[in-house]
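# Chain and residue survey
Chain by chain, the residues:
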Amino acid sequence: KEAMDMDIQPKPSQPHWYERYVQPCVAELLGSGLFIFIGCLSVVEDAEGTGRLQPALAHGLALGLTIAILGDI
């Protein structure tokens, strides 16, 4: 009788093929594109006196933004 009282949990279903293959590839493409685009734009106009700080901050902020938006994928 005790065995019949146990809750039987169904097996978790497999994610859809889109969520498994396409979505991570699109997220990687968008993340890399944003990272490279922001990084290149930070170097185009080199303000006097910023040196290496401006591109480093731009890359860091772009990476943080990409992780915050696309991290759960």
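Below: a short report on this structure. Note that the structure is predicted; figures quoted are calculated from it, not measured.

## Considering the overall build of the protein
A tally of regular secondary structure across the protein gives three helices and zero strands. Starting at the N terminus and walking to the C terminus, you meet the elements of the protein as α-α-α.

## Re the side chain of S42
By the secondary structure assignment, S42 is in helix α2 (residues 17–44). Given the relative accessible area of 7%, S42 is considered buried. Here G39 takes part through its backbone oxygen, which lies 2.7 Å from a polar atom of the side chain of S42.

## Describing helix α3 (residues 53–70)
Over its 18 residues, α3 runs 25 Å from end to end, which matches the ideal 26 Å to within 8%, given 1.5 Å per residue. Turning to α3, its buried residues are P55, A58, A62 and T66. Down the axis, α3 shows its buried residues gathered within 65 degrees of arc, on one side only. Exposed residues lying more than 90 degrees from the buried face of α3 are L53, L61, I67 and A68. Turning to α3, the residues buried within the fold contact α2.

## Observations concerning the packing of aromatic side chains
All chains considered together, the criterion is met by one aromatic pair. Between W17 and Y18, the ring centres sit 6.4 Å apart and the planes meet at 85 degrees, which makes this aromatic pair edge-to-face. Overall, the relative accessible area of 53% leaves W17 in the exposed class. Residue class for Y18 comes out partly exposed when judged on its relative accessible area of 40%.

## Section: α2
Look at α2: 40 Å from first C-alpha to last across 28 residues, which is about the 40 Å you get at 1.5 Å a residue. Residue Q23 marks the point of greatest curvature in α2, where the axis turns by about 35 degrees; the proline P24 follows within four residues. Listing the buried residues of α2 in full gives A27, G31, G39 and S42. Buried residues in α2 make contact with α3.

## Quick look at a nonpolar patch on the surface
Taken together, the side chains of F35, I36, L63 and I67 define a hydrophobic patch exposed on the protein surface, amounting to about 360 Å² of accessible area. Listed by contribution, the elements that provide at least two residues to the nonpolar patch are α2 and α3. The residue F35 is located in helix α2 in this model.

About the thresholds
Residues numbered from 1 in each chain as written. Predicted model: local features only at pLDDT ≥ 70, side-chain atom pairs only at ≥ 80, totals over all residues. Heavy atoms only, no water. Helix = DSSP H or I, 4+ residues; strand = E, 2+ residues; numbered from the N terminus. Buried < 20%, exposed > 50% of the residue type's maximum accessible area, 1.4 Å probe, protein only. Polar contact = N/O pair within 3.5 Å; in protein donor to acceptor, adjacent residues only side chain to side chain. Expected span 1.5 Å × (residues − 1). Arc of directions from axis to C-beta. Contact = heavy atoms within 4.5 Å. Phe/Tyr/Trp six-rings, centres within 6.5 Å; stacked < 30°, edge-to-face > 60°. Bend = angle between axes of the 7 residues up to and from the residue. Patch = residues over 30% accessible without salt bridge, like charges linked within 9 Å, V, L, I, M, F, W, Y side chains within 5 Å. Areas by Shrake-Rupley, 256 points an atom, 1.4 Å probe, with all protein chains shown as cover. Salt bridge = Lys/Arg side-chain N within 4 Å of Asp/Glu carboxyl O.

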